[in-house]
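Close look at the chain arrangement
Now for the letters of each chain:
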Amino acid sequence: MRIAIITDIHENFQMLEKSHAMLRKHGYDMLVCLGDITGYSPLFYSHTPDANACADLLREHAHIVIAGNHDLHTAARLPSYHIEKNIPAHWYEMSLMERLKHSREKLWLYEEEVVPELSPANQRFFAGLREWAVYENGGEKYLFTHFFRPDISGISRWFPVTSMEIYAHFRFMKEHGCQLAFTGHAHPPGPTLISWLKWSNFGYCQVKLRERHKAVICPAVVGERHPGCCLVFDTTSQTLTPLLVS
């Protein structure tokens, strides 16, 4: 089975459309989006944003769509674990200064972000996005999230660099019988492979996963900082194929 994976689009419909065309040409059986469909700021991106076009394409073609931190912000939603992060239920009723004081610079506040005007259908779409999903194929289970537990939606300014920091994610995988996890959020230059002892990045080369590999951080479609990229994971050969979006 070939699982196509896209993530971190940030309203760049041109790159999403190109990614989908490349994936269709390459061939896939299931399309997964790991979130951050929205999240446009002119400070970071130079494209013309089109959140509705991105959401329309994903509603039509994606089999699994996960909410990223920007998607939650767009829908004025708190993650299910907001109490663990000490985020009050009336968060979106608070002023920016109140949120800034409360967060102590530990949470993303999206001060410069342009919140898109969504169609009614896409408002419902973002309101209903799930935070994680498990997919089973041939006796193997795969976990799809936007980021790592204890922050699977990526709402905090936390970026782990060691496997011990994401032990909660490995424990969550074990609880659900998952052999491999896929996340986005970090915008790496090509997929980053994670084992207990080592984090490896092979750029944009095809790579074969080994039993020691427990998680993959997927590259972003949006481009800008690094080339836009999507992935195809072949569950039979256990290979990851990056497709550069030009």
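Below is a summary of the structure that appears in this document.

Calculation rules
Residues numbered from 1 in each chain as written. Predicted model: local features only at pLDDT ≥ 70, side-chain atom pairs only at ≥ 80, totals over all residues. Heavy atoms only, no water. Helix = DSSP H or I, 4+ residues; strand = E, 2+ residues; numbered from the N terminus. Rg over C-alpha atoms; globule rule 2.2 N^0.38 Å. Buried < 20%, exposed > 50% of the residue type's maximum accessible area, 1.4 Å probe, protein only. Contact = heavy atoms within 4.5 Å. Lys, Arg positive; Asp, Glu negative; His and termini not counted. Charge placed at Lys NZ, Arg CZ, Asp CG, Glu CD. Pairing = 2+ DSSP bridges. Axes fitted to C-alpha atoms, helices over the stretch in contact; angles between N-to-C directions.

What the protein contains, in helices and strands, is six helices and 12 strands. Here the C-alpha atoms of the protein give a radius of gyration of 17 Å, agreeing with the 18 Å that 2.2 N^0.38 yields for 246 residues. In terms of principal-axis extent, the alpha carbons of the protein reach across some 50 × 35 × 30 Å. Every one of the 246 residues in the protein was classed for burial, and the buried ones make up 54%. Counted over contacts in the protein with a minimum sequence separation of 6, partners at least 24 positions apart contribute 72%. Charge centroids of the protein, computed over 24 positive and 26 negative side chains, lie 7 Å from each other.

Attention now goes to the sheet that holds strand β6 (residues 180–183). Taking strand neighbours across the sheet as the criterion, the six strands line up as β4-β5-β6-β10-β7-β8 in an open arrangement whose pairing is mixed. Unpaired on one side and paired on the other, β4 (132–137) and β8 (199–201) mark the two borders of the sheet. Looking at each pair of strands side by side, their axes are set apart by 20 degrees on average, direction ignored. Pairing of β6 with strand β10 (residues 215–217) involves three bridges; the strand directions are parallel. Note that in β10 the partner of F182 across the bridge is V216.

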